[in-house]
Amino acid sequence: MTEATPTDMAIAMAGFLKEFNGFQGEVKSALQQQEERLTMLNAKTMAYGRPALSASAEVEVPHVKAFDAYIRTGDDDALRGLVLEGKAMSSAVAADGGYLVDPRTADTIRSMLVSTSSLRAIANVVQVEGASFDVLIDRSEVGSGWATEVAAQTETSTPTIERISIKLHELSAMPKASQRLLDDSAFDVEGWLAGKIATRFIRAESAAFVSGDGVDKPKGILLPGKVANASWTWGSLGYIPSGAAADFATTNAADCIISLVYALGADYRANASFVMNSKTAGAVRKMKDADGRFMWSDGLAAGEPARLMGYPVLICEDMPDIGANAYPVAFGDFKSGYTIAERPDLRMLRDPFSAKPHVLFYASKRVGGEVTDFAAIKLLKIAVS
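Residues numbered from 1 in each chain as written. Predicted model: local features only at pLDDT ≥ 70, side-chain atom pairs only at ≥ 80, totals over all residues. Heavy atoms only, no water.

Colleague: Can you tell me about the overall build of the chain, naming the residues and giving the values?
Modeller: A tally of regular secondary structure across the chain gives ten helices and 17 strands. In the chain, buried positions account for 38% of the 385 residues. Taking all contacts inside the chain whose residues are at least 6 apart in sequence as the whole, residues at least 24 apart take part in 72%. Total accessible area computed for the chain in this model is approximately 22,300 Å², and 55% of it derives from carbon and sulfur atoms. (Helix = DSSP H or I, 4+ residues; strand = E, 2+ residues; numbered from the N terminus. Buried < 20%, exposed > 50% of the residue type's maximum accessible area, 1.4 Å probe, protein only. Contact = heavy atoms within 4.5 Å. Areas by Shrake-Rupley, 256 points an atom, 1.4 Å probe, with all protein chains shown as cover.)

Colleague: Provide a residue-level description of the packing of aromatic side chains, including the pertinent values.
Modeller: For the coordinates displayed, the defined rule picks out seven aromatic pairs. With a centroid separation of 6.5 Å and 70 degrees between ring planes, the pair formed by Phe 274 and Tyr 311 is classed as edge-to-face. One end of the pair, Phe 274, is in strand β9 (residues 273-276); the other, Tyr 311, is in strand β12 (residues 311-315), with 37 residues separating them in the sequence. The exposure class of Tyr 311 is buried, given its relative accessible area of 18%. (Phe/Tyr/Trp six-rings, centres within 6.5 Å; stacked < 30°, edge-to-face > 60°.)

Colleague: How would you sum up a nonpolar patch on the surface? Please name residues and give values.
Modeller: A cluster of nonpolar residues, Met 13, Phe 16, Leu 17, Phe 20, Phe 23, Val 27 and Leu 31, forms a patch on the protein surface that exposes about 700 Å² of accessible area. Along the chain, Val 27 turns up in helix α1 (residues 6-45). For Val 27, a relative accessible area of 35% corresponds to the partly exposed category. (Patch = residues over 30% accessible without salt bridge, like charges linked within 9 Å, V, L, I, M, F, W, Y side chains within 5 Å. Salt bridge = Lys/Arg side-chain N within 4 Å of Asp/Glu carboxyl O.)

Colleague: Report on the packing of helix α4 (residues 103-114) against helix α6 (residues 189-211), specifying residues and quantitative values.
Modeller: Contact pair α4 / α6: the axes reach a minimum separation of 9 Å and the direction vectors enclose 40 degrees. Crossing angle aside, the handedness with which α4 passes α6 is right-handed. Contacts between α4 and α6 involve Arg 104, Thr 105, Thr 108, Ile 109, Met 112 and Leu 113 on the former and, on the latter, Glu 190, Ala 194, Gly 195, Ile 197, Ala 198, Phe 201, Ile 202 and Glu 205. Its residues placed into classes, the contact of α4 with α6 shows eight nonpolar, three polar and three charged. (Axes fitted to C-alpha atoms, helices over the stretch in contact; angles between N-to-C directions. Left-handed = near helix turned anticlockwise from the far one by under 90°. Nonpolar A, V, L, I, M, F, W, Y, C, P; charged D, E, K, R; others polar.)

Colleague: So what's going on with the layout of surface pockets? Residues and values would help.
Modeller: Taken as a whole, the second largest pocket spans an internal volume of roughly 200 Å³. Along its surface, the second largest pocket is lined by ten residues, and Pro 305, Ala 306, Pro 312, Val 313 and Leu 314 are the ones closest to its centre. Tallying contributions element by element places β12 first for the lining of the second largest pocket, with four residues. For the lining of the second largest pocket, the per-class residue count stands at eight nonpolar, two polar and no charged. (1 Å grid on protein atoms, 1.4 Å probe; cavity = no way out; pocket = protein on both sides within 12 Å on 5 of 7 lines; lining within 4 Å. Points joined across faces, edges and corners; volume = space filled by probe spheres on them.)

Colleague: Which residues make up helix α7 (residues 255-263), and what are the values?
Modeller: Of the positions making up α7, those classed as buried are Cys 256, Ile 257, Leu 260, Val 261 and Ala 263. Buried residues of α7 fall within an arc of 165 degrees about the axis and therefore sit on the same side. (Arc of directions from axis to C-beta.)

Colleague: Go over the side chain of Ser 236, please, and point to the residues and values.
Modeller: Tracing the chain through its elements places Ser 236 in strand β8 (residues 236-241). A polar contact of 2.9 Å, which involves the side chain of Ser 236, links it to the backbone oxygen of Thr 233. Discounting chain neighbours no more than four positions away, the residues touching Ser 236 are Gly 225, Val 227 and Phe 374. (Polar contact = N/O pair within 3.5 Å; in protein donor to acceptor, adjacent residues only side chain to side chain.)

Colleague: Could you give me a rundown of the sheet that holds strand β17 (residues 377-381), with the residues and numbers involved?
Modeller: Strand pairing in a sheet takes place through backbone hydrogen bonds and is either antiparallel or parallel in direction. Taken together, the eight strands give an open sheet; going across it, the order is β7-β8-β17-β13-β9-β12-β11-β10, and neighbouring strands pair in mixed fashion. On the outer flanks of this sheet lie β7 (225-228) and β10 (296-297), each paired with one strand and no other. The pairing of β9 with β12 spans three bridges and is parallel. Pairing of Phe 274 across the sheet is with Val 313, part of β12. On the sheet, α7 packs against β8, β9, β11 (307-308), β12, β13 (329-332) and β17 and is oriented at approximately 160 degrees with respect to β17. (Pairing = 2+ DSSP bridges.)

Colleague: Break down the environment of Val 101 for me, with residues and values.
Modeller: Within the fold, Val 101 resides in the loop between β1 (99-100) and α4. On the basis of relative accessible area, Val 101 is assigned to the buried category, the value being 1%. Taking C-alpha positions, Val 101 is 5.8 Å from Arg 347, a pair spaced 246 residues apart along the chain.

See the structure below:
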């Protein structure tokens, strides 16, 4: 075997470098072609100004547009043939004098009603599809007894079932706007309409849930007969006297509040609340216990209700003022004691003729309310006994 000379090694190295440079050129060429291909693909797939796609189908959009056109111009062609598959609202119905409000506006109105200071905030609210809502109340307990191994078992008593039917009544509101205002596309007609309807509904509902007589309106919590709590029977509400003829007692004024709390059964007190208006709250929050401590405490966090003897206080301005034989304070578990039944749909009828140059919007819904557990609510009466 001959030994490689420097000349041979130089020739071999030159050949290797030549092949390596050729391979490097091929790799660079392949990479350049790949980059050009990726650039071409990006250019073809990129869509400048394309709006973002929605993550879910907005099924109510056709209804919103059709309803907006109906409110602004009275054009109901789009509403007539519109059918939506939804839980709360399924179609636009004109046969009974109006069209269903679009779901977004209806939800806004519903949220305003819930957030207000009325019994709706603490009562039991159910949605029904019929003309009334029946509540079955078990106002007794199944009998029981001790048994022995050999003695005959005696028959125990059976529970008593009370049936209460809550009739639904029509609640309506009729705000108005000028046609020029409706023609302005920058005007938020849906927000304006939701606010106006909610304001009217709030005032009417709040008054009816407290003092309604049941004639074309719900039955309020103050409608049932009232008896002294010592003589309370089912079908009436028990009351505790304040100790004075026209006000709270001059001495130990807080005693009636304490008596009112413990007049309510222990099973109801866990979820109980006070209901009174602002004038009554101003008088009650001055009361102190035997050790000189205020019985009223303000909420520690924003949005938290004030508390009286540890129980939340709902300020409802429709409750009566302090006066002789009045019932200014209610205390109870209103989730159990008072039921509000309503239909989920809200109807709207546009009237451009009755108040020219304004356009009237007649909104209506059906709602009812009634005391469903007479043991769950107690009242404070301004009286000596």
